[in-house]
Amino acid sequence: MGRWWAVALSEAVQGDKALAVTCEGEQLAVFRDGRGAVFALEDRCPHRRVPLSPGPVKPAGLQCPYHGWTFDGATGLCNDIPNLRRDERVPARYAARVFPASEANGFIHVWRGKGTPAAELPGASYRAAGREHTGSAVANIAFEQYLDVMLDGPECLLSFPSVHITDFFLGDARRDGGHLVLDRGAVWKGKGNGPAFVRDHSLWVRTRVPLTGGDIRVELLSADEDPLVTIFIAASENRRGTTSLVWRGFLHTAPAPLSWRWRMARAIGRAPFAIFPHIDGAAVAALEVAPSRDRRLAKTDASTPAERVVPVQERCAV
Amino acid sequence: MSEVPMMDAAGREAEVTSKRDWVPINLDLRDTWFPVAYSADIGERAVRRIVHAQDVYLWRDGGRLYAAEFRPDRLEAMRAGASTFTNGSGFYPAVERYGYIWAWYGNPDNAHEELIPNIPFLPPDGQGIPRYTQRAVRFDAASPLSVENLIDLTHADFLHANAIGDSQSENDVVEVHSTSETVTRIRNVTRKSVAPVMRWIGGVRAQYQDLRAVLHVHLRNNVCISYPNFTPGYPIPNVQPFVPVGKHRSRVDQTNYTVHAPAPFRWLMPRISYVIQPQDNSVLRPQNARYFESTERRDLSSRFDGPGNRYRLLMVRLAERQQRGDFGYGADADPSADISAVLGMRG
Ligand code: FES
Ligand SMILES: [Fe+2]
């Protein structure tokens, strides 16, 4: 079975320009038609293989920058070869590869793999309730490692201002459907005796990491489990051992009492979190494997044989 | 209404081509002369050029030109390692003509000067070729992909629209001819809008002009000889030899022979390479990696790809012939034959 991947922020795909994204290692061109509907084509023209994404979006679809062949977003069919005479038509089988695309809560999703696209989109679980901070990056870490590090040491991948994320896990990762959820202690920086000696952690960081797919949710919670910050990070495999990231997150509007620093930050519109595009290799290498072991084990259990051995070639086919 | 007439001659060629692999990085055609440098660029200090990943060091000493596998200071020490490309001597056959140094790539026993392509608009001894006509550019792709790009006409309307203008014209007819060693593409355009560059600096005030553009491609060495002739206007003959530095890069010492065009067009026009090259490279660069292996997903073509598909077919045929050990030139091939009639040169 295939799956939906969140590959882009809604606002990143606008006007007559396509966006080049990489998902599961494959390059895609994402664009909208005049009415705002989103489409995804393989970023490869079937004429002479050049990327389609630098081309302009025309009323008939995405136009290849090399010779102007134009491809319908919904079907992938080539509907225009410029310079043809009026009485000539493009052969019916001429088409670019098309991927179903759908949008929810500020994320553009692409369906990759076999089967009918599922009704539920990963981004549907995210709903902003406060001023949003968004971004995208290609991180210098491999995709599966990114997910593992999100469990073993999220402080290598992201930060909350003035917050020290500890690696003291509160319990073990628990299974929630296709995800593992793990809470860990965190403290405000510069308070008390240091993170190792607090009687109780003043904050919790909750990470929700998928076994398969790329939808990650990270929350900063108060000691009373009230959410302060929620972040949805969509990760997917980019090329050469890197990982595509797109994220949206927000500071909850009426959370527990905030430090003066956070109140200031909110007042000037500073983001209440940072996602790292450049990851510290030494820090990641030094991480000991802990809860990610559960993810690897659960992954092996969960994946049906069919899912595990689908060759890349087939995964791409739609 | 009809579909694209895929089954005309060009269409049949596309079908034939599509059954074969088109893996341009694997094309390594031998027994040919490569214009590896402008004569004017080579003095006493050795310069390193590379053909199909084979080093060619060029220098002059006592008025003599040398083309060797090794740097002059290491030549003696390394000569024992000289390859079959120099019969173990370390020195390639090299000849100066048309303002270029031509080095032989292949079996030195087969190096004959008559195999140097004829370029009828350039002085054979290279005397008086102004330096402003000579410009070196580089492409980040296998040479045959660049040649395809040059043969291909329809991309100019998109990739080069700002420099070359749109394709609005009354009539636009393309013919392709070939031998076992060459492809010739002839384009006749009547009443096309004058290219912006010609209007701005080329002194052509008319709104429309006719164009007869001939491109003559030598398959083995990717030497592309072009004779676009504008009426009203003038010809802008040029040579673009895509020397394969390796599988993934090519170097082109162009000669845009604008000496007969009015000033300042004459001096400025060769600089158009600085606009055109990045545009072409923007597609060639990503194309290159996508042709590394033969794939079931063959390229789709339209009838405008007739000349390009003919090129692919002939290249593959020539490569197959060389694989069988046949490096000879066929009876229909005579690189040094005068091509001024082929190019449609006046006078
Ligand atoms: S490569 Fe896309 S139109 Fe030619
Ligand atoms: Fe071009």
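Quantities reported herein were computed from a predicted structural model and do not represent experimental measurements.

Rules used in this analysis
- Residues numbered from 1 in each chain as written.
- Chains lettered and ligands numbered in written order.
- Predicted model: local features only at pLDDT ≥ 70, side-chain atom pairs only at ≥ 80, totals over all residues.
- Heavy atoms only, no water.
- Axes fitted to C-alpha atoms, helices over the stretch in contact; angles between N-to-C directions.
- Helix = DSSP H or I, 4+ residues; strand = E, 2+ residues; numbered from the N terminus.
- Parallel < 35°, antiparallel > 145°, perpendicular 65-115°, else oblique.
- Left-handed = near helix turned anticlockwise from the far one by under 90°.
- Contact = heavy atoms within 4.5 Å.
- Buried area = accessible area lost by both parts, 1.4 Å probe.
- Salt bridge = Lys/Arg side-chain N within 4 Å of Asp/Glu carboxyl O.
- Polar contact = N/O pair within 3.5 Å; in protein donor to acceptor, adjacent residues only side chain to side chain.
- Pairing = 2+ DSSP bridges.

A. Summary view of the packing of helix H3 (residues 143-151) of chain B against helix H9 (residues 306-323) of chain B. Residue and element names in this part refer to chain B. Put simply, H3 and H9 touch, their axes get as near as 9 Å, and they point 150° apart. Put simply, H3 runs roughly antiparallel to H9. In the packing of H3 onto H9, the handedness of the crossing is right-handed. Judged by residue contacts, Pro 144, Val 147, Glu 148 and Ile 151 of H3 engage Pro 307, Gly 308, Tyr 311, Arg 312 and Met 315 from H9.

B. Inspection of the interface of chain A and chain B at higher detail. Facing the 32 residues of chain A at the interface are 33 residues of chain B. Each partner contributes to the roughly 3,000 Å² buried at the junction of chain A and chain B, and carbon and sulfur atoms together form 48% of this total. Contact with chain B buries area across many residues of chain A, yet Arg48(A), Arg49(A) and Tyr66(A) alone supply 29% of it, more than any other trio. Applying the counting criterion to the chain A and chain B interface returns five salt bridges. When the shortest N-O distance is used, the salt bridge between Asp299(B) and Arg48(A) registers 3.8 Å. Across the contact surface, chain A and chain B share 16 residue pairs in polar contact (both at pLDDT 80 or more).

C. Looking closely at the environment of Gly115(A). With respect to the element layout, Gly115(A) can be found in the loop between strand E12 (107-112) and strand E13 (132-139). Placed 112 residues apart in sequence, Gly115(A) and Arg3(A) show a C-alpha to C-alpha distance of 8.7 Å.

D. Broad picture of the sheet that holds E12(A). Residues and elements named next belong to chain A. Pairing is antiparallel across the open sheet formed by three strands, whose spatial order is E1-E12-E11. Edge positions in the sheet fall to strand E1 (3-9) and strand E11 (101-104), since each has one partner strand and no second. Across this sheet, the average inter-strand angle for adjacent strands is 35°, counted without regard to direction. Judged from the four bridges that link them, E11 and E12 form a sheet pairing that is antiparallel.

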